[in-house]
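# Results of the structural survey
What follows is the residue order along each chain.
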Amino acid sequence: MKDMMELMAEFFNMSMEDKSEYYSDDQAKKNRLFSGSMYAKEGPKFWRDCLRLVSYPLDESIKEWPQKPKRFREVVARFVVEAREVLMLLLNLICQGLELKEGYFDGDLTGGEMPIHVNYYPTCPNPDLTLGVPAHFDNNIITLLLSGAISGLQIKHQGNWIGVEPVPNAFAINIGQQIEIITNGMLRSVEHRAVTNAVAARISIAVFLSPKMDCHIMPAEELVNKKKVLLYKSLVFEDFARSSAKNEDVMDAFKIKA
Ligand code: OGA
Ligand code: NI
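So, how was this worked out
- Residues numbered from 1 in each chain as written.
- Chains lettered and ligands numbered in written order.
- Predicted model: local features only at pLDDT ≥ 70, side-chain atom pairs only at ≥ 80, totals over all residues.
- Heavy atoms only, no water.
- Core = buried A, V, L, I, M, F, W, Y, C linked by side-chain atoms within 4.5 Å.
- Buried < 20%, exposed > 50% of the residue type's maximum accessible area, 1.4 Å probe, protein only.
- Helix = DSSP H or I, 4+ residues; strand = E, 2+ residues; numbered from the N terminus.
- Donors = N, O, S within 2.8 Å, 3.2 Å for Na, K, Ca; no water.
- Phe/Tyr/Trp six-rings, centres within 6.5 Å; stacked < 30°, edge-to-face > 60°.
- Salt bridge = Lys/Arg side-chain N within 4 Å of Asp/Glu carboxyl O.
- Disulfide = S-S within 2.5 Å.
- Near = heavy atom within 4 Å.
- Polar contact = N/O pair within 3.5 Å; in protein donor to acceptor, adjacent residues only side chain to side chain.
- Areas by Shrake-Rupley, 256 points an atom, 1.4 Å probe, with all protein chains shown as cover.

Moving on, we come to the nonpolar core. One finds Met8, Val76 and Phe105 to be the most contacted residues of the largest nonpolar core, which totals 57 residues. The element that contributes the greatest number of residues to this core is helix α4 (residues 72-98), accounting for 13 residues.

Quick look at the structure:
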């Protein structure tokens, strides 16, 4: 965790020239550095640079990663392998808790490219005017967030935004919208955002454990309750991902209305 944070601070502190090699506004590129948000919106720009990398399977992904600073590939590889282990362990604990069979999430449900976002929020002279990342739900299975020592992450709870105070050496875990569907609404995805501050730059690192794009997602039969009230339609993950990128109220579109 420490190595990863230090490396990424070094990355974002590189010269403009060094970083511009990785910069692209082409959303189809799997690995790229960009500014602002993927959630295209009118109005003020978001106060963020983001290094996006895909990381699974590792041996294919790693060849496309930056090689500056020097230890980049070695440090990131170690981090993503361990992050994945933590997430798979959490999923199996969720299975135990919900009485789903062990390994329910193995295979295509977690076989996607596992994108990581390294978010860099520079100090912002007027944090009231913009956000780092706008309000959103993570659209994947489950997300591990290394939130760092500086606060910025907020979650929506009963209509209010609440700050998630950083805990040293801890991760924040976000339940993704696909788990909400698979558990037929038993585990809910939480809306969150990142605010900026005027005092210190902040780095956060998100690892998005994701389904394969062509994976079919549907409520687990075991969890559709006794009355067989099915709350969500089946879907192909790629369709969901495409809709959520357009910032629609995507969950609503996949809910079964009474
Ligand atoms: C994200 C995210 C929050 C943060 O990258 O999906 O929610 O605190 N980031 O940076
Ligand atoms: Ni998020």
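Around the nickel ion (ligand 2), the protein contributes the donor atoms His136 (NE2), Asp138 (OD) and His192 (NE2), at 2.1 to 2.2 Å from the metal centre. Sequence spacing of the donors to the nickel ion (ligand 2): H-x1-D-x53-H. With His136 in strand β4 (residues 133-136) and His192 in strand β9 (residues 192-194), this residue pair connects regions lying 56 residues apart in the sequence. Like His192, His136 is buried.

Moving on, we come to the packing of aromatic side chains. Taken as a whole and assessed by the stated rule, the structure comprises 6 aromatic pairs. Relative to Phe105, the ring of Tyr104 has its centre 5.5 Å away and its plane inclined at 75 degrees; by these criteria the two rings are edge-to-face. The exposure classification of Tyr104 matches that of Phe105, with both residues buried. Aromatic side chains Phe240 and Phe254 sit 5.2 Å apart centroid to centroid with 35 degrees between the ring planes, which places their arrangement in the tilted category. Here Phe240 is found in helix α6 (residues 237-245), whereas its partner Phe254 is found in the segment after α7 (250-253), with 14 residues between them in sequence. By the burial criterion, Phe240 is buried, and Phe254 matches it.

To continue, consider the pattern of salt bridges. Going through the model one piece at a time under the given rule, you end up with 12 salt bridges. For Lys30, the salt bridge identified is with Glu113, shortest N-O distance 2.5 Å. Separated by 83 residues along the polypeptide, Lys30 in the loop between α2 (16-20) and β1 (32-35) and Glu113 in the loop between α4 and β3 (115-121) bring together distant segments of the chain. The class of Glu113 is partly exposed, set by a relative accessible area of 32%. Residue Glu180 is joined to Arg188 by a salt bridge in which the shortest nitrogen-to-oxygen separation is 3.3 Å. Taken together, the shared-partner salt bridges in this structure form one network comprising Asp3, Arg71 and Glu74.

With that out of the way, let us pick up the state of the cysteines. With the rule as written, the count across this model stands at 0 disulfides. Cys215 provides the cysteine sulfur closest to Cys95, a residue in no disulfide bond, and the two sulfurs are 14 Å apart. Take Cys95: its relative accessible area is 1%, and that puts it in the buried class. Left without a disulfide partner, Cys124 is nearest to the cysteine sulfur of Cys50, which lies 17 Å away.

A separate point is the site of ligand 1. In the vicinity of ligand 1, the contacting residues are Asn119, Tyr121, His136, Asp138, Leu145, Leu153, His192, Ala194, Arg202, Ser204, Ala206 and Phe208. The side chain of His136 places a nitrogen or oxygen atom 3.1 Å from an oxygen atom of ligand 1. Contacts to ligand 1 include Arg202, whose side-chain N or O atom sits 2.8 Å from an oxygen atom. Summarising the interface, the protein chains cover 97% of the accessible area of ligand 1, which totals 290 Å² for the free molecule.

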